[in-house]
Amino acid sequence: MSAEPPAMPSSDVEEPEERNRRLLMVLGVVVAVSALVAGAVVFSSGPSPKPQVDPQAPVRASDTTLVVGQPSARTKVVVYEDFTSTGSREFEIASRDFLRVEAGQGHALVEYHPVTLGGPRAAGVPLAAWKAVVEAGSARQALALHDLMFDRQIAGGDVSAADLVALAKKAGVRSSQVLETVGALDVSPPASTQPAAVPAGVRTTPTVLVNGEPVTAPSPTALADEVQRTVLAADR
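Let me begin by describing the structure that accompanies this report. Chains are numbered independently. Their residues run from 1 in the order of the written sequence. Per-residue local features of the predicted model are confined to residues with pLDDT of at least 70, and side-chain atom pairs are confined, for both listing and counting, to 80 or more; whole-chain, interface and lining totals are unaffected and use all residues. Only hydrogens and water are set aside; all other atoms, that is, all heavy atoms of the structure, feed into the side-chain values.

## Describing the overall build of the protein chain
So, point 1. Of regular secondary structure, the protein chain possesses 7 helices and 6 strands.
So, point 2. The order of helices and strands in the protein chain, counted from the N terminus, is α-β-β-β-α-β-α-α-α-α-β-β-α.
So, point 3. By residue count, 35% of the 236 residues in the protein chain fall in the buried class.
So, point 4. Taking the intrachain contacts of the protein chain between residues at least 6 apart in sequence as the baseline, contacts between residues at least 24 apart amount to 74%. Per the convention used, a helix needs a DSSP run of H or I reaching at least four residues, while a strand needs a run of E reaching at least two, with both numbered from the N terminus. Buried residues are those whose accessible area, probed at 1.4 Å on protein chains only, stays under 20% of the maximum for their type, while exposed residues exceed 50% and partly exposed ones sit between those limits. Here, two residues are considered to be in contact whenever any of their heavy atoms come within 4.5 Å of each other.

## Observations concerning the nonpolar core
So, point 1. Here, the term nonpolar core denotes a set of buried Ala, Val, Leu, Ile, Met, Phe, Trp, Tyr and Cys residues that are joined through side-chain atoms within 4.5 Å. Counting residues in each nonpolar core, the largest one holds 44 residues, and the members touching the most others are Val77, Trp130, Met149, Leu164, Val182 and Val227.
So, point 2. With 7 residues, the single largest contributor to this core is helix 3 (residues 125-136).

## Comments concerning the environment of Leu232
So, point 1. Take Leu232: it is sitting in helix 7 (residues 220-234).
So, point 2. Overall, Leu232 belongs to the partly exposed group, its relative accessible area being 36%.
So, point 3. The spatial distance from the C-alpha of Leu232 to the C-alpha of His107 is 9.0 Å, given a sequence separation of 125 residues.
So, point 4. Discounting residues that sit within four places of it in the chain, Leu232 has contacts with Phe98 and Glu102.

## A few points about the packing of aromatic side chains
So, point 1. Here is the rule: rings of Phe, Tyr and Trp (six-membered ring for Trp) pair when centre to centre is within 6.5 Å. Planes less than 30 degrees apart are stacked, more than 60 are edge-to-face, and the remainder are tilted. Per the stated rule, a full pass over the model turns up 2 aromatic pairs.
So, point 2. Judged by centre distance (5.3 Å) and plane angle (50°), the rings of Phe83 and Phe150 are tilted. With Phe83 in the loop between strand 3 (75-81) and helix 2 (86-104) and Phe150 in helix 4 (residues 139-151), the pair connects residues that are 67 residues apart, well separated along the chain.
So, point 3. Judged by relative accessible area, which is 3%, Phe83 ranks as buried.
So, point 4. Take Phe150: its relative accessible area is 0%, and that puts it in the buried class.

## Quick look at the side chain of Glu102
So, point 1. The residue Glu102 is located in helix 2 in this model.
So, point 2. Charged residues are defined here as Lys and Arg on the positive side and Asp and Glu on the negative side; His and the ends of the chain fall outside this count. Definition used for salt bridges: Asp or Glu carboxyl oxygen within 4 Å of a side-chain nitrogen of Lys or Arg. Buried Glu102, no salt bridge; nearest opposite-charge side chain is Arg74, N-O distance 10.0 Å.
So, point 3. For Glu102, the contacting residues outside a window of four places in its chain are His107, Ala108, Val231 and Leu232.

## A closer look at helix 2
So, point 1. The length a helix should cover is 1.5 Å for every residue beyond the first. In a regular helix each residue adds 1.5 Å, so 19 residues correspond to 27 Å; helix 2 covers 27 Å between its end C-alpha atoms and thus fits that length.
So, point 2. Consider a residue and the seven residues that end there alongside the seven that start there; fitting an axis to each set, the bend is the angle between those axes. If you look at helix 2, its biggest bend is around 50°, right at Ser95.
So, point 3. Buried residues of helix 2: Gly87, Ser88, Phe91, Glu92, Ser95, Arg96, Phe98, Leu99, Arg100, Glu102, Ala103 and Gly104, and no others.
So, point 4. Taking the backbone nitrogen of Gly87 as reference, a side-chain oxygen 3.3 Å away marks Ser85 as the first, capping residue of helix 2. Two N or O atoms count as a polar contact when they lie within 3.5 Å, although within protein this holds only if one can serve as hydrogen donor and the other as acceptor, and sequence-adjacent residues are included solely when both atoms are side-chain atoms.

Written out as structure tokens, the structure is:
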């Protein structure tokens, strides 16, 4: 019986050296990819850049005026407004962010003049509360209360001492003397109140001047847009 020829190695079976070489190549690729992923994770989890915040503008307050910004600013914006006027509220909400940024960056000086132009006496009570904070509180508190007076506008006939005290506390007023003064304001509505002294030509609120020139528009929101365009043009 003849002997069978020895079996030849199959081409489908790799030599040990070739198999080891391929394994090392695969391991090298895995290590490289892992290093890239780890680096990406470390980079993405690092501290994110802080958003740029505009510097806080200086604030000064008097019995009739709230001033925000640097006296050296090239552009001066003067706003006559009524705490109980829906038009004043609309303008205030539409213009506040822009004007505060311009004031914070030193581009504009903003003067707010809260006034009443006559009408039910209750319309003047929020103004009296604001003046009480100006006289015995801080300018920052007066600014905060100014903003709250518009954000949570109290209609003339619905004003109450409790509402005003709550707003003053929200504005940061902690002095019991100031809060008592605000709480003691007479909110009973007699027939009418005399208008506050305002410059000639101010017959409605809001009235806005930029560098002494009146700015007009068909609506309070359009007025805010026009003021923004005027201020930006003046700053160029």
